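Read off the chains here:
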Amino acid sequence: GLSSKPYLLGKYNLLYLDDDEGNRTVFEALFMRDYQVYLAETPDQALDLLRTGNVDVFLTDHRMPGELGTEFLARIRPEFPDLPTMILTAYADVD
């Protein structure tokens, strides 16, 4: 968990999945100073990065072509049951 990694020993590793390049660029610009940021454009890229074991927190867009963020989280939950996750969306609903 987050509490097991003292901040002074290094930055937390964030992985952000979003099919929109502009969103990925903004996310990286906002968080790169305080965190190690990894970016993925597709769920498959995100899964490859998650399997490195270097991700402390995973954030995903919700509305993406092919697979919704909620669907991807449900798919990876069995493999990464303790990974903190968050869904980001520009929409008012998640339906």
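In case you missed it, the structure is sitting above this.
Keep in mind the model is a prediction, meaning the values are calculated, not measured.

Procedures and definitions
Residues numbered from 1 in each chain as written. Predicted model: local features only at pLDDT ≥ 70, side-chain atom pairs only at ≥ 80, totals over all residues. Heavy atoms only, no water. Helix = DSSP H or I, 4+ residues; strand = E, 2+ residues; numbered from the N terminus. Buried < 20%, exposed > 50% of the residue type's maximum accessible area, 1.4 Å probe, protein only. Areas by Shrake-Rupley, 256 points an atom, 1.4 Å probe, with all protein chains shown as cover. Arc of directions from axis to C-beta. Contact = heavy atoms within 4.5 Å. Patch = residues over 30% accessible without salt bridge, like charges linked within 9 Å, V, L, I, M, F, W, Y side chains within 5 Å. Salt bridge = Lys/Arg side-chain N within 4 Å of Asp/Glu carboxyl O. Lys, Arg positive; Asp, Glu negative; His and termini not counted. Charge placed at Lys NZ, Arg CZ, Asp CG, Glu CD. Phe/Tyr/Trp six-rings, centres within 6.5 Å; stacked < 30°, edge-to-face > 60°. Core = buried A, V, L, I, M, F, W, Y, C linked by side-chain atoms within 4.5 Å.

Draft legend 1. How the structure looks around the overall build of the protein. What the protein contains, in helices and strands, is three helices and four strands. Counting helices and strands in the order they occur from the N terminus, the protein gives β-α-β-α-β-α-β. A burial count over the protein gives 32% of its 95 residues as buried. A total accessible area of about 6,000 Å² is found for the protein, and carbon and sulfur atoms account for 54% of it.

Draft legend 2. Up close: helix H3 (residues 69-76). For H3, the full list of buried residues reads Gly 69, Phe 72, Leu 73 and Ile 76. For H3, the arc enclosing every buried residue in end-on projection is 100°, short of the 170-degree limit, so these residues lie on one face. Taken together, the buried residues of H3 touch strand S1 (13-17), helix H2 (43-50), strand S3 (57-61) and strand S4 (85-88).

Draft legend 3. How the structure looks around a negative patch on the surface. Residues Asp 19, Asp 20, Glu 21 and Glu 41 make up a contiguous surface patch of negative charge. With respect to the helices and strands, the residue Asp 20 is situated in the loop between S1 and helix H1 (21-31). The partly exposed category is assigned to Asp 20, whose relative accessible area is 35%.

Draft legend 4. View of the packing of aromatic side chains. Throughout the structure, instances matching the rule amount to four aromatic pairs. Members of the aromatic cluster, connected to one another through ring pairs, are Tyr 16, Phe 27, Phe 31 and Tyr 35.

Draft legend 5. Representation of the nonpolar core in the model. Counting 14 residues, the largest nonpolar core has Leu 15, Leu 17, Ala 46, Leu 50, Phe 58, Phe 72 and Ile 76 as its most contacted members. Secondary structure elements with two or more residues in this core: S1, H2 and H3. In this structure, Leu 14, Phe 27, Val 37 and Val 57 belong to the second largest nonpolar core, which totals six residues.

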